[in-house]
Amino acid sequence: MRRGSHRALAVAVLVAAFVHAARGVLHAHAMLVSSEPAAESVLAASPTRVRLVFSEEIEPSLAHIDVVASDGRVDRLHVAGDPRDVDAVIGAVHPLSPGGYRIVWHVVSADGHPVGGSFVFWVGARAGSPPPDVTDDERTLNTAWGPTVAAAPLLPALLRGVAIGVTMALAGVLFFMAFAASEPPSAAGDRLVRPLAVAAPLLLALHALAWCVNAAPEHRLTTDSIASAIGSTVGRIELWRLGLAFLALWAVWLVRRPWLALLFAAGALALSGATGHSAAITPLVAMPARALHLLAASAWIGGLLWLLACRALAIERFAREAVRVSGVALWASLIVAASGIAMAAVFLTSPWDLVHSAYGALVIAKVLGLLALMAFGGYHRFRVMPALARENATPSRMVMTVRRELATMVVVILLGGLLAYVPPARSPASSPVAASSSE
Ligand code: HEM
């Protein structure tokens, strides 16, 4: 295939991915807008159905509704989409005897995270106390799969951090290979980029699977829950991201075109801008900010890996690459800081959330991580790199501190993956049903 057609293919695939992804994204967080029976209502007779209306389209097969009686008996309703309203789900109710009942609901919203809540109503008269609300742990159990940290499912969050981290490393190294100042240390670059190109789609696929399990009711993977997860907006973006990562693998291993692989890997990262909280909260700001955040961070991590790949080169050549990497890292750190602060500003409702919420604490940890990384950068630029010009200089000292900087960056990236699953502190949903979002 000629270079021209490779370029045309890459552009066509990327445009299709973004148009398809953006089509279903510009919605807010799913919030419960109204319900039948209404919250706190007293009905003369048993309802025949429960109908929940949300602020946006809901994936019916990923939703579930429980009717909890005062004696704790739970009736799990068979939930279906309302044929007349894609934002609503319906569940038929067996006749209920007089008393208080609690509706406990769980849906998956635009950011791919399960959201849940509950409210009470009475049949006959408002007598006795309503069934107790599900505890936060029960609700977390109900919405987050496996062990949790700050109400976030640990395994999907870790997989997300590792998958995005490896895709960032791939794009970053390809960036330096594609735009190397002079003939690139191709063998060293290849040794680095080829395993990354295999690992990226594998890890993205594992994360997509973990996300499916987390989003599925009771966290069971059935053909239904997989089909509905893949059919949802988030599922579609996960598939496009995976497809682009496989195309990068093809471009690295089969057509051996680093710049083409770079286009696909960078496309997968930019598409990540349309996932997580960015897809649900102020997307017009958060989506480009996240894409910039990941692309800049990938140039940064790519530069550090590139320097390690260059350590066998002649010291003059290594020193030249160090200057290039340091220049890119400086700009990348500024873009990462600005885009990170922009996202934090739209995801948190007040600066106090920084000190009063788990999300805020993680953001502070990331800011400290960035400051540590910038300190490494300063140390390299003002202390280590000048020494490379001295007689008998070797790259060993720089290689050692670059490894430490990389280890710090891996921690910050994993914090980023966790942050994407931790519910940002937000003012309670304004719906009359006082829905408490668990995730
Ligand atoms: C001022 C410092 C930083 C701030 C304020 C910040 C803030 C953020 C925020 C708010 C998110 C979005 C999380 C969500 O979805 O709710 C995020 C994600 C992320 N950040 Fe940062 N960040 C900073 C530095 C860094 C650095 C230095 C790196 C790596 C070099 C990094 C890598 C990531 C990654 C990989 C994600 C996850 C993206 C995803 O899962 O889609 N961040 N960051």
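One can find the structure itself at the top, above this paragraph.
The structure displayed is predicted, hence computed values, not measured ones. (Residues numbered from 1 in each chain as written. Predicted model: local features only at pLDDT ≥ 70, side-chain atom pairs only at ≥ 80, totals over all residues. Heavy atoms only, no water.)

Q: Help me understand the layout of surface pockets in this model?
A: Gaps left between atoms show up when a probe the size of a water molecule is rolled over them. Considering only enclosed or pocket space, the largest pocket measures out at about 790 Å³ in volume. Considering the residues around the largest pocket, the lining is formed by 36 residues, among which His 293, Gly 340, Met 343, Lys 366 and Leu 419 are closest to the centre. The set of elements that each furnish at least two residues to the lining of the largest pocket consists of helix H3 (154–178), helix H9 (283–309), helix H10 (315–347), helix H12 (358–388) and helix H13 (396–419). With 8 residues, the single largest contributor to the lining of the largest pocket is H10. Grouping the constituent residues of the lining of the largest pocket by class yields 26 nonpolar, 7 polar and 3 charged. (1 Å grid on protein atoms, 1.4 Å probe; cavity = no way out; pocket = protein on both sides within 12 Å on 5 of 7 lines; lining within 4 Å. Points joined across faces, edges and corners; volume = space filled by probe spheres on them. Helix = DSSP H or I, 4+ residues; strand = E, 2+ residues; numbered from the N terminus. Nonpolar A, V, L, I, M, F, W, Y, C, P; charged D, E, K, R; others polar.)

Q: Sorry if this is basic, but what is going on with the coordination of the iron atom of the ligand here?
A: Around a metal, the idealised angle for a tetrahedral arrangement of four donor atoms is 109.5 degrees; for an octahedral arrangement of six donor atoms it is 90 or 180 degrees. At 1.8 to 2.1 Å from the iron atom of the ligand lie its protein donor atoms, namely His 293 (NE2) and Lys 366 (NZ). Relative to the metal, the 6 donor atoms surrounding the iron atom of the ligand lie at angles of 75 to 177°, and the coordination shape comes out octahedral. One end of the pair, His 293, is in helix H9; the other, Lys 366, is in helix H12, with 73 residues separating them in the sequence. (Donors = N, O, S within 2.8 Å, 3.2 Å for Na, K, Ca; no water. Tetrahedral: all angles 85-135°; square planar, octahedral: opposite > 155°, others 65-115°.)

Q: For this particular structure, what's the right way to read empty space enclosed by the protein?
A: Applying the stated rule across the entire model yields 2 cavities of 30 Å³ or more. Looking at the largest cavity, the residues that line it are Asp 111, His 113, Arg 160, His 207, Trp 211, Val 234, Glu 238, Thr 275, Gly 276 and Tyr 421. Elements supplying a minimum of two residues to the lining of the largest cavity: helix H4 (186–215) and helix H6 (233–253). Split into classes, the residues belonging to the lining of the largest cavity amount to 3 nonpolar, 4 polar and 3 charged.

Q: How do you make sense of the nonpolar core when you look at a structure like this?
A: Across soluble globular proteins, you tend to see nonpolar side chains buried next to one another. Membership of the largest hydrophobic core comes to 68 residues, with the highest contact counts inside it found for Leu 170, Trp 300 and Met 398. For this core, the secondary structure elements donating two or more residues are H3, H4, H6, helix H7 (258–271), H9, H10, H12 and H13. What Leu 170 contacts, discounting residues up to four positions off in sequence, is Val 193, Leu 196, Ala 197, Ala 200, Ala 248 and Ala 265. By size, the runner-up hydrophobic cluster in this structure holds 27 residues, among which are Val 234, Ala 289, Ala 344 and Val 346. (Core = buried A, V, L, I, M, F, W, Y, C linked by side-chain atoms within 4.5 Å. Buried < 20%, exposed > 50% of the residue type's maximum accessible area, 1.4 Å probe, protein only. Contact = heavy atoms within 4.5 Å.)

Q: I tried to follow the sheet that holds strand E2 (residues 42–43) on my own but got confused; where do I start?
A: The strands that make up a sheet pair up through hydrogen bonds in the backbone, lying either parallel or antiparallel. With mixed pairing, the 5 strands of this open sheet are ordered in space as E2-E9-E8-E4-E5. The outermost strands of the open sheet, each flanked by one partner alone, are E2 and strand E5 (74–76). Here strand E4 (residues 64–69) runs beside strand E8 (residues 99–108); their pairing, made up of 6 bridges, is antiparallel. Looking at E8, one finds that Ala 69 is bridged to Tyr 101. (Pairing = 2+ DSSP bridges.)

Q: Just checking my understanding: could you explain the site of the ligand for this structure?
A: In the vicinity of the ligand there are 27 residues, among which Arg 160, His 277, His 293, Tyr 359 and Lys 366 approach most closely. A distance of 2.5 Å separates an oxygen atom of the ligand from a polar atom in the side chain of Arg 160. Separating an oxygen atom of the ligand from a side-chain N or O atom of His 277 is a distance of 2.5 Å. Looking at the shell around the ligand, the element that brings in the most residues is H10, giving 7 residues. (Near = heavy atom within 4 Å. Polar contact = N/O pair within 3.5 Å; in protein donor to acceptor, adjacent residues only side chain to side chain.)

Q: Is there a simple way to think about the sheet that holds strand E1 (residues 32–36) in this case?
A: The 4 strands are arranged E1-E3-E7-E6 in an open sheet whose pairing can be described as antiparallel. Only two strands of the sheet have a single neighbouring strand rather than two, namely E1 and strand E6 (79–82). The sheet shows a mean angle of 25° between the axes of neighbouring strands, taken without regard to direction. Direction of pairing for strand E3 (residues 49–54) relative to strand E7 (residues 85–92): antiparallel, over a ladder of 5 bridges. Bridge pairing links Val 53 to Ala 88 in E7. (Axes fitted to C-alpha atoms, helices over the stretch in contact; angles between N-to-C directions.)

Q: Would you explain the pattern of salt bridges in this entry?
A: Once their charged atoms are close, side chains differing in charge can pair, the charge on each being opposite to the other. Counted under the stated rule, the structure contains 11 salt bridges. Across the salt bridge formed by Asp 71 and Arg 73, the nearest N and O atoms sit 3.0 Å from each other. For Arg 324, the salt bridge is made with Glu 321, and the minimal N-O distance between the two is 3.1 Å. Residue Arg 324 and its partner Glu 321 are located together in helix H10, separated by 3 residues, close to a single helical turn. Residue classification places Arg 324 among the partly exposed positions, given a relative accessible area of 21%. (Salt bridge = Lys/Arg side-chain N within 4 Å of Asp/Glu carboxyl O.)

Q: Explain the environment of Leu 307 here, please?
A: Here Leu 307 shows up in helix H9. Its relative accessible area of 2% is what places Leu 307 among the buried residues. Separated by 11 residues in the primary sequence, Leu 307 and Phe 318 have C-alpha atoms spaced 7.5 Å apart. Those residues in contact with Leu 307 that sit more than four places away from it in its chain are Phe 318, Glu 321, Ala 322, Val 325, Met 398 and Val 402.

Q: Would you mind going over the packing of H10 against H12 with me for this structure?
A: If you want to describe how two helices pack, look at the angle between their axes and the distance between the axes. It is the contact of H10 with H12, at a shortest axis distance of 10 Å, that shows an interaxial angle of 160°. Taken together, the axes of H10 and H12 lie roughly antiparallel to each other. Considering only the axes of H10 and H12, their crossing is left-handed. (Parallel < 35°, antiparallel > 145°, perpendicular 65-115°, else oblique. Left-handed = near helix turned anticlockwise from the far one by under 90°.)

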